[in-house]
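Structural features, examined
In case you want the letters, here they are:
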Amino acid sequence: MTTGRVHSWDLSTGVDGPGTRFVLFLSGCPLRCLYCANPDTWHMRDGSPTTADEVTARIEAHRTFLTAAGGGVTLSGGEPLLQPAFTAEVLHRCRQLGLHTALDTSGHLGARADDALLADTDLVLLDIKAFDAPVHRRLTGAAPAPTLAFARRLARLGTPVWIRYVLVPGHTDDLAAVDGLGAFLAGLGNVERVDVLPFHKLGAAKYQALGVDFPLRDTPAPDAALTARVVARLHAHGLHAL
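Since the structure is predicted, the reported quantities are computational estimates derived from the model, not experimental observations.

1. A short note on the sheet that holds strand S5 (residues 100-105)
With respect to topology, eight strands assemble into an open sheet ordered S3-S1-S2-S4-S5-S6-S7-S8, the strand pairing being mixed. The sheet is open, and its two borders are formed by strand S3 (48-51) and strand S8 (191-198), each paired with just one other strand. Ignoring strand direction, the axes of neighbouring strands in this sheet form an average angle of 30°. Sheet analysis places strand S1 (residues 3-13) next to strand S2 (residues 20-26), joined by seven bridges and oriented antiparallel. Bridge pairing in S2 links Val6 to Leu26. Packed onto the sheet, helix H3 (residues 84-96) meets S1, S2, S3, strand S4 (72-76) and S5 and runs at close to 155° relative to S5. Against the sheet, helix H9 (residues 224-235) contacts strand S7 (161-167) and S8, and its axis sits at roughly 165° relative to S8.

2. Examining the pairing of S8
Pairing analysis gives seven bridges linking S7 to S8, with the strands arranged parallel. Residue pairing for S8: Leu167 is matched across the bridge by Pro198. In this fold, the crossover linking S7 to S8 by way of helix H7 (residues 175-186) has right-handed handedness.

3. Examining unusual backbone geometry
Note that the residue after Gly77, namely Gly78, is joined by a cis bond; omega there is 15°. Within the fold, Gly78 resides in the loop between S4 and H3.

4. Description of the state of the cysteines
With the rule as written, the count across this model stands at zero disulfides. Free cysteine Cys29: the closest other cysteine sulfur is in Cys33, separated by 6.2 Å. Residue Cys29 is classed as buried on the basis of its relative accessible area of 16%.

5. Focus on the pairing of S2
Among the seven residues of S2, six are classified as buried, and the element is accordingly described as predominantly covered. Adjacent in sequence and paired antiparallel, S1 and S2 are bridged by six residues, among which Gly14 carries a positive phi angle near 85°. Direction of pairing for S2 relative to S4: parallel, over a ladder of five bridges. Counted as the bridge partner of Arg21 is Gly72 from S4.

Calculation criteria
- Residues numbered from 1 in each chain as written.
- Predicted model: local features only at pLDDT ≥ 70, side-chain atom pairs only at ≥ 80, totals over all residues.
- Heavy atoms only, no water.
- Pairing = 2+ DSSP bridges.
- Helix = DSSP H or I, 4+ residues; strand = E, 2+ residues; numbered from the N terminus.
- Axes fitted to C-alpha atoms, helices over the stretch in contact; angles between N-to-C directions.
- Contact = heavy atoms within 4.5 Å.
- Right-handed = clockwise from strand over helix to strand, strands pointing away.
- Disulfide = S-S within 2.5 Å.
- Buried < 20%, exposed > 50% of the residue type's maximum accessible area, 1.4 Å probe, protein only.

So, in C-alpha cells, the structure goes:
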C-alpha cells in the first residue's frame, strides 16, 4: 500500500488549476526559496503518514462537486515530486475517477516524474523561480537547469503548462531577465498562461512560530506599475500573462 507524508488539503477556486480544486499539500521540499510562504511544509517528517486509499476516499467524497464545478485535483506541496511514487498513485487514481489532474511543482525534481506519472497529469503548474542562473541560486539555493530541462520535456510531451513567476523587487524584476524568460516560454509551444504573482509576506507569522528567520522581511511588495511592466513584457512575447 502506497503511503505518503501529507501536510494538509483544501478546496480552492481559480488559483490551483481550472475550476474548483481539491488541493493536496504534500510535505517536504528540496528548495529553500527566500520568499517561501509555507516553511511548515519543508520537512517530510512534519507531515502525517497517509495512504493512497485514504486520500482517494477523501477525494471521492468531493467528486460530484468537483466535476460539476469544472475542477479536479491538484497535488502541491512542499514539492510533490519529492514523493514520486505516492504522487503517481494518487494521480492515477484520480484519472480512474475521471477527474482532471494537475501537478504543482518547481520542476527541480522533474527527473523523478516518469512518463506514467506525466501521462496521468492533465496540467502542470510549473514554478519558475528566476530565469537568471545566479539569481535563481540566490533565491532557492539551487540552479535553474533541472527546472528548464523539465519544461522542455513537458513541451516534447505536449503537456499543457501554466507558469508561475513570483515577482520579487530586487530579485526577479530585472526586465532583461523577464525578456529571456518570455522568449524561452514562447519557444516551448505548450504554455497556456503565465501567472505573475506579486511577492507577499502572508507567511511571515509561520516563520515566527517556527523560530526561523524570514529572509525577505524587509523586502517590499511590488507596486502595480512594476507588475504591469512585467506582464507587458511577457505579452510582447505572445504569452497569455496575468
